[in-house]
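Structural characterization, general
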Amino acid sequence: MDGLKGIRDRFLGYTAFDTMSDASACGIRRPTTEGQEKLLEHLAGELEALGLDVYYGEEKVVMGTLKGNAPGVPVAFMAHVDTADDVPGNGVKARVWEDYDGSDIVLDGAVIRRSENPDLARYIGGTIITSDGTTLLGSDDKAGVAIIMEALSYIVSHPDILHGDIEVFFTPDEETGSGMDSFPYDRIRSRICYTVDGGAEGGVETECFNAASAVLTIHGSPTHFGDARGKLRNAVTAASALVSALPGSESPEATDGRYGYYCAESISGTAAEAKVGILIRDFTSEGFEHRIETVKALSHSIGLLYGVRIDSDISVSYRNMAEANKLEPKAMEAVDAAARRLSIDLKKEIIRGGTDGARLAEKGVSCPNLFTGGHNLHSLTEWVAVEAMEHGAELLVAIVGEMAG
Ligand SMILES: [Zn+2]
């Protein structure tokens, strides 16, 4: 597909925005950092220039709508503008390695080794983009933003491409986990919304965990310890028993693939009151409900055993998007057909985590996660190939084509 060649400069432009998010500001300001707001405003302007209807309201999510020029299934694409804070994420100075020769890429602060990055071989002769090695690059998820924008601009400039309504969403604060706390849920019309927030070229993620977090508050009955016999009900002892009772073989460190887990995430308190935080993860609905019931039963039993009151507050964080994907089989059929047409080898993967899409999946919107081409995300050795982003944009254009008619 000629005409997607602007993606390199488009992506480089986005990397210049300082959009590292700040988890400590969640609930205080949205977006959590000013740079995100600047990029969101910039993107709203780009969408307007392309002729889309733009909504940018108090949710701080940019929404663009391109009216269809033909009947078709409405489809949405979504990416996040913030970057992670695992390593410095602001002040990115991107480096472009044209006609990549296949050798190790030596940066100021890091080396991207061929031996550790077998996918580099796919792009010999192509163009690799990295940071200078002192920051991350931000392909997570600015490559996703660039792919969506490039695909839109291509569609707008090719009126012969028939398409139904297209909606796009750019969100803040994905990395802080608060990105979807506020979203124009009442405005989205599409029942299919692809997130473009994956990794290596060809990867498509259709399943994620069901996730809940439990906060168990243990109310002890403290007394003077010297006079405690028969009276003290120690919340710390009960908290420790609770954590010890979780099966070690069902912990994050003992599981992979499709196995779910309980994770003792936090513990704090005194003899008077202690809190235990437990993360619950499972791929199946039945397994998920079972784990939630188990945590409730466990806290009840430990409460009886230690003579303390335990309040359990369990909230669902997100659900496996596979359930919603089943409601809209067209979502994956279109990806399969589009990839076949473009000779892109798809690799279907499961995520032992969640995506922003999983929050939409709770509302019955099907949200497969598509690749961006990014590698070594959240690190100094992050890299993306321009060709992978071009293929990502081609895939979106082809998906839109599959949805028309
Ligand atoms: Zn991401």
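**Section: the environment of tryptophan 383**
Mapping tryptophan 383 onto the fold places it in strand S18 (residues 383–385). C-alpha of tryptophan 383 to C-alpha of isoleucine 128: the two residues are 255 residues apart in sequence and 6.8 Å apart in space. Excluding residues within four positions of it along the chain, tryptophan 383 makes contact with Ile112, Ile128, Ile129, Thr130, Leu137, His375 and Asn376.

**A word on the packing of helix H1 (residues 7–15) against helix H9 (residues 386–403)**
Taken N-terminus to C-terminus, the directions of H1 and H9 make an angle of 105°; their axes are 9 Å apart at the nearest point. Between H1 and H9, the angle is such that the two are roughly perpendicular. Only Val386, Met389, Glu390 and Ala393 of H9 make contact with H1, whose side of the interface consists of Ile7, Arg8 and Phe11. Grouping the constituent residues of the contact of H1 with H9 by class yields five nonpolar, no polar and two charged.

**Details of the packing of helix H7 (residues 330–342) against H9**
Any two packed helices are characterised by the angle at which their axes cross and by the distance between the axes. It is at 8 Å that the axes of H7 and H9 come closest, and there the two elements cross at 120°. Judged on the interaxial angle alone, H9 and H7 are oblique. Considering how the two elements wind past one another, H7 and H9 form a crossing that is right-handed. Touching Ala334, Val335, Ala337, Ala338, Ala339, Arg341 and Leu342 of H7 are Glu394, Leu395, Ala398, Ile399, Glu402 and Met403, all from H9. Counted by class, the contact of H7 with H9 contains 10 nonpolar, no polar and three charged residues.

**Here we look at the sheet that holds strand S8 (residues 166–171)**
The sheet built from eight strands is open, its strands ordered S1-S2-S8-S3-S9-S16-S10-S15 with mixed pairing. Every interior strand has two partners, whereas the edge strands, strand S1 (53–56) and strand S15 (347–351), have only one. Pairing geometry for strand S2 (residues 62–66) and S8, over five bridges, is antiparallel. By the bridge assignment for S8, threonine 65 is matched with glutamate 167. Packing of helix H3 (residues 139–157) onto the sheet brings it into contact with S2, strand S3 (75–80), S8 and strand S9 (193–196), and relative to S3 it is tilted by some 145°.

**Looking at H1**
Listed in full, the buried residues belonging to H1 are Ile7, Arg10, Phe11, Tyr14 and Thr15. One side of H1 carries all its buried residues, which in axial view fall inside an arc of 140°. If you follow the buried residues of H1, they end up packed against helix H2 (34–49), strand S7 (128–130), H3 and H9.

**Focus on the nonpolar core**
The biggest cluster of nonpolar side chains holds 106 residues, and the ones touching the most others in it are Ile148, Met389, Leu396 and Ile399. No other element matches the 11 residues that H9 contributes to this core. Inspection of this core shows a minimum of three residues originating in each of domain 1 (7–208 + 320–403) and domain 2 (210–318).

**Considerations on the domain arrangement of the protein chain**
Along its sequence, the protein chain is organised into domain 1 (7–208 + 320–403) and domain 2 (210–318). A C-alpha centroid distance of 37 Å is found between domain 1 and domain 2. Counting residues at the interface gives eight residues for domain 1 and seven residues for domain 2.

**Describing the sheet that holds strand S12 (residues 261–269)**
Reading across from one edge, S12-S13-S11-S14 is the order of the four strands in this open sheet, with antiparallel pairing throughout. Two strands close off the open sheet at either side, each with one partner strand: S12 and strand S14 (309–318). Along the sheet, successive strands turn relative to each other by an average axial angle of 15°, direction set aside. Relative to strand S13 (residues 273–282), strand S11 (residues 210–219) runs antiparallel, the two sharing 10 bridges. From the neighbouring strand, isoleucine 218 faces S13, where its bridge partner is alanine 274. In this fold helix H4 (residues 235–245) packs onto S11, S12 and S13, with an angle of close to 15° to the strand it touches most, S13. Those strands touched by helix H5 (residues 285–306) are S11, S12, S13 and S14, and its axis lies near 165° from that of S14.

Rules behind the numbers
Residues numbered from 1 in each chain as written. Predicted model: local features only at pLDDT ≥ 70, side-chain atom pairs only at ≥ 80, totals over all residues. Helix = DSSP H or I, 4+ residues; strand = E, 2+ residues; numbered from the N terminus. Contact = placed C-beta atoms within 7 Å. Axes fitted to C-alpha atoms, helices over the stretch in contact; angles between N-to-C directions. Parallel < 35°, antiparallel > 145°, perpendicular 65-115°, else oblique. Nonpolar A, V, L, I, M, F, W, Y, C, P; charged D, E, K, R; others polar. Left-handed = near helix turned anticlockwise from the far one by under 90°. Pairing = 2+ DSSP bridges. Buried ≥ 20, exposed ≤ 12 C-beta atoms within 10 Å, placed from the backbone. Arc of directions from axis to C-beta. Core = buried A, V, L, I, M, F, W, Y, C linked by C-beta atoms within 7 Å. Domains from an automatic or database assignment.

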